[in-house]
Amino acid sequence: MTNGKMESRGCGDDIEDAGKAAEVAAFEKRERMGLASSIKPGTDADAASRAARRSMRERLNDRDSRRLLVGVLATLIGGIFWGFSGTSASYLFAHYQIDTIWLLSMRQLLAGAMFMVVILLFDRVRFVQLLKNPRHLAVMAVFTLFGVFGNSFSYLLAVRLTNAGTATVMQCLQLVLIMVYTCIVTRRLPRRRELAGVVLAFAGAFLIATGGDPSTLVIPPEGLAVGLISAVGAACMSIVPAKILPVYGSSIVTGTAMFASGIVLSAFVQPWQSIPAFDPEGWLALAVLIVVGSFLAYNLYMQGVKDIGSVRASLIGTIEPVSATVTSALVLGTVFAPTDLVGFAFIIVMVFLTV
C-alpha cells in the first residue's frame, strides 16, 4: 500500500481495516489453539462445514488429544486393576490358609522391589537425593507407617472381614477426610457440593453397614472399623507426602515406602519360611495381586494423573470400586443386597462431588 493511498483513506476506513485484521488474527489464533468454530466470515454453509470437519480432524490428531486419550485409558485401566487386587486377596483368603500379615509382607516386598528396579534404572539421582535429606526421610517414615502400611494392612483386613467390593468402597471415604483436612488448613467452610458429598458418604456407609436397618449390622463391626481405618490410611497417603511429592515424584515416594515396609515386615514375618501350599490358581491370584493390582495399577494411574490431572484422574478412578464389586461377584460369587448397591452408588457420587 503506497503512502498516497494511505493518505487518501479516511479514519473510518482505517478503523474498518484494523477491525478486519483483528478479526482474522483472532480467528487464526483460535484455530491454532483448536478453539475456533472454523467458520470464517463470508463463507457459505458448505465451506463452514468442511472447515469444521477439518478442524475436528486436526484436533483429534493433535498431540494433546492423543495425550488426553492415553491418560484417560491409563487411568481407567489402572483403576480396574486396583479393583483386581481386592478380589485376588478375597480369593486367597477364601481358598488358602494364609495370614493377612503374611500376604501383606509378600505384596509390599515384591511390589516394592519392582518399584525399586524401575527407580534405580531411570530415577537414581533423585532417589539418592532423598536418602541424603534427613528431614524428608522423617516425612517418609511417617508416610510409610501411617500411610502405606496403615492403609494396606487395614484394607486387606477389611477385605478378609467383609468382601472386596465393600472394602474398596469404604476406602473411598478417604475423600471426605481429605476435604475436611483441606477446609481446616485453608480456613474455609465446606462448599455446598462438598456438604452434599459428606451426606451421601455417611448415607452410603450407613446402607452398607446396616442394610437400611439401624438396629442391625449386616457386616461385622470389626469389618466396619477396619474399613474406616483404611480410609484414614488412604487419606494419609495423600496428605502426608504432599510437600515432597513434587520434589521426588510419586514413584520414588510410594515405591520406597512400599519396599521399606516390606523389608521391615519380612524381618518379623519371614514369609519365605511359611509359604502356603498354593496350586496354580493360588500362584496366579498372588501374581495378580502383586503385579497387576499393585505395581501396574499404581504406575498406570499415576501416568493418568500426569497426563490428565488429578481431578479427572480421581473421577475416572471411581471405576475401582465398580471393578472390585463386579469381579468379586463374577469370580467369587459374592452376592450384594440392593441396599449395598445403593450405598456403593451414593459413595461413588460423593467422589464426583468432593474432588
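Above this note sits the structure.
Residues numbered from 1 in each chain as written. Predicted model: local features only at pLDDT ≥ 70, side-chain atom pairs only at ≥ 80, totals over all residues. Heavy atoms only, no water.

**Comments concerning the overall build of the protein chain**
What counts, and what does not: The secondary structure listing takes helices from DSSP runs of H or I that are at least 4 residues long and strands from runs of E that are at least 2 residues long, numbered from the N terminus. The buried label goes to any residue with under 20% of its type's maximum accessible area, the exposed label to any with over 50%, and the partly exposed label to all in between, with areas taken from a 1.4 Å probe on protein chains only. The contact criterion used is simple: two residues touch if any of their non-hydrogen atoms lie within 4.5 Å. Method for areas: the Shrake-Rupley scheme with a 1.4 Å probe, in which residue coverage is limited to the protein chains shown.
Scanning the protein chain for helices and strands turns up 17 helices and 0 strands. Across the 355 residues that make up the protein chain, the buried fraction comes to 41%. Partitioning the intrachain contacts of the protein chain with sequence separation of at least 6 by distance along the chain shows that 81% fall at a separation of at least 24. Summed over all atoms, the accessible surface of the protein chain reaches about 18900 Å², with 67% contributed by carbon and sulfur.

**Topic: the environment of glutamine 171**
Mapped onto the elements of the fold, glutamine 171 is located in helix H8 (residues 164-171). For glutamine 171 and alanine 158, which are 13 residues apart along the polypeptide, the C-alpha to C-alpha distance reads 9.4 Å. What glutamine 171 contacts, discounting residues up to four positions off in sequence, is Asn151, Tyr155, Gly227, Ser230, Ala231, Ala234 and Glu320.

**Some points on the pattern of salt bridges**
Definition in use: In the sections that follow, a salt bridge refers to a side-chain nitrogen of Lys or Arg positioned within 4 Å of a carboxyl oxygen of Asp or Glu.
Applying the stated criterion across every chain, the model contains 1 salt bridge. Between aspartate 123 and arginine 126 there is a salt bridge, with the nearest N and O atoms lying 2.7 Å from each other. A relative accessible area of 21% means that aspartate 123 is categorised as partly exposed. Judged by its relative accessible area of 28%, arginine 126 falls in the partly exposed class.

**Thoughts on the packing of aromatic side chains**
Condition: Here a pair means two rings of Phe, Tyr or Trp (six-membered ring of Trp) with centres within 6.5 Å. Their orientation is stacked below 30 degrees between planes, edge-to-face above 60, and tilted elsewhere.
Going through the model one piece at a time under the given rule, you end up with 10 aromatic pairs. Linked through ring pairs, Tyr91, Tyr96, Trp102, Phe278 and Trp283 together constitute an aromatic cluster.

**Topic: the nonpolar core**
We count it as follows: Residues belong to one nonpolar core when they are buried, are Ala, Val, Leu, Ile, Met, Phe, Trp, Tyr or Cys, and are joined through side-chain atoms within 4.5 Å.
Ranked by size, the top nonpolar core spans 44 residues in total, and within it Leu92, Ile98, Leu103, Met140, Phe278 and Leu286 carry the most contacts. The set of elements that each furnish at least two residues to this core consists of helix H4 (63-95), helix H5 (100-122), helix H6 (124-131), helix H7 (134-161), helix H13 (250-269) and helix H14 (280-308). Ranked by residue count, the leading element in this core is H14, at 9 residues. Formed by 24 residues, the second largest nonpolar core is a distinct cluster that contains Met170, Leu173, Ala235 and Phe336.

**Some points on the environment of leucine 110**
Within the secondary structure layout, leucine 110 lies in helix H5. In this structure leucine 110 comes out as partly exposed when scored by relative accessible area, which is 36%. The spacing of leucine 110 and alanine 287 is 177 residues in sequence and 9.8 Å in space, taken between C-alpha atoms.

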